[in-house]
Amino acid sequence: RVARARLDELPPPAPDAAAALSAYALSWLKLTYPRYALHGATLRGTLETEMGDVRVHFAPARLVPLAVHYFVTLADARLLDGCHFIRNAAHVLQANCNGVAAHDAHRHSIAAQEYSAEYPHVQWSLGLAGRPGGHDFYVSLVDNQRAHGPGGQQGSPAADPCFARVADAQSQDVMSRMHAALPSGFLQRDQWKLIRRVTIEQLDDAGVQ
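Note that the coordinates shown come from a computational prediction; the quantities given were computed from them, not determined experimentally.

*Asks:* Just to check I follow, could you spell out the packing of helix α1 (residues 15-32) against helix α3 (residues 65-76) for this structure?
*Replies:* The description of two helices packed together rests on the angle between their axes and the distance between the axes. Packing of α1 against α3 leaves a shortest axis separation of 8 Å and a crossing angle of 50°. The orientation of α1 relative to α3 falls into the category oblique. In the crossing of α1 with α3, the sense of the turn from one axis to the other is left-handed. When α1 is examined against α3, the residues Leu21, Ser22, Tyr24, Ala25, Leu26, Trp28 and Leu29 are found in contact with a partner set consisting of Pro65, Leu66, Val68, His69, Val72, Thr73 and Asp76. Grouping the amino acids of the contact of α1 with α3 by side-chain chemistry returns 10 nonpolar, three polar and one charged.

*Asks:* Quick question: what am I supposed to make of the pairing of strand β4 (residues 92-96) here?
*Replies:* A regular strand places its side chains on the two faces of the sheet in alternate fashion. Within β4, five of the five residues are buried, which leaves it mostly tucked inside the rest of the structure. Residues Val92, Gln94 and Asn96 of β4 are buried on one face, and the alternating residues Leu93 and Ala95, pointing to the opposite face, are buried as well. In this sheet, β4 lies alongside strand β3 (residues 83-88) in antiparallel orientation, the contact comprising four bridges. Counted as the bridge partner of Phe85 is Ala95 from β4.

*Asks:* Which parts of the structure should I look at to understand the pattern of salt bridges?
*Replies:* Close approach of charged atoms allows side chains of opposite charge to pair. Across all of its chains, the model carries eight salt bridges by this definition. In this structure, Glu48 engages Arg197 in a salt bridge whose closest nitrogen and oxygen atoms are separated by 3.0 Å. Note that Glu48 is positioned in strand β1 (residues 43-49) and Arg197 in strand β9 (residues 193-202), a separation of 149 residues in sequence. A salt bridge links Arg78 to Asp81; its shortest N-O distance comes to 2.6 Å. Residue classification places Asp81 among the buried residues on the basis of a relative accessible area of 19%.

The rules behind the values
- Residues numbered from 1 in each chain as written.
- Predicted model: local features only at pLDDT ≥ 70, side-chain atom pairs only at ≥ 80, totals over all residues.
- Heavy atoms only, no water.
- Axes fitted to C-alpha atoms, helices over the stretch in contact; angles between N-to-C directions.
- Helix = DSSP H or I, 4+ residues; strand = E, 2+ residues; numbered from the N terminus.
- Parallel < 35°, antiparallel > 145°, perpendicular 65-115°, else oblique.
- Left-handed = near helix turned anticlockwise from the far one by under 90°.
- Contact = heavy atoms within 4.5 Å.
- Nonpolar A, V, L, I, M, F, W, Y, C, P; charged D, E, K, R; others polar.
- Buried < 20%, exposed > 50% of the residue type's maximum accessible area, 1.4 Å probe, protein only.
- Pairing = 2+ DSSP bridges.
- Salt bridge = Lys/Arg side-chain N within 4 Å of Asp/Glu carboxyl O.

Put into structure tokens, the structure is as follows:
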């Protein structure tokens, strides 16, 4: 797996190092999810929230393999189970795993701020928050290409990694209802919305696992 040790304390990797990390992640995806990474099949994640299931489709593997690898390996290891949506802003719903014992023991950020202009922060996309990104992630409620794309955050030339999109109208409705039901800003703990489980499945062309 991509290096985990205190990445938030290290300088950003050189371009050749970032490319090597992306190449490693793409190789891992080809081995683990070959129909997705080699043949373009859909890789779907399901966030089972207390307000309903939110299905997401991941970006094509060739575009942001490191970002997809980061999120998928957390989900596969069950480190996103029990996390919560903890912030309700006008532009995003943000999730966080603070206090989840299994996640706290394996906390790490993404190793490089991977971003593809071919997969921007449009409405209903998923991105990684922070510098470096993770473990917090968010769902864009509006088009956030300017705010979370290159140069959009605190003057940084880097962009937030964008790695998936909410897949269907029913899932969008879950996020819209959650947004409408919650007060604005960072939430009190008793207002957090639980993510019970996150699962990953590779679909064939007919949408079957």
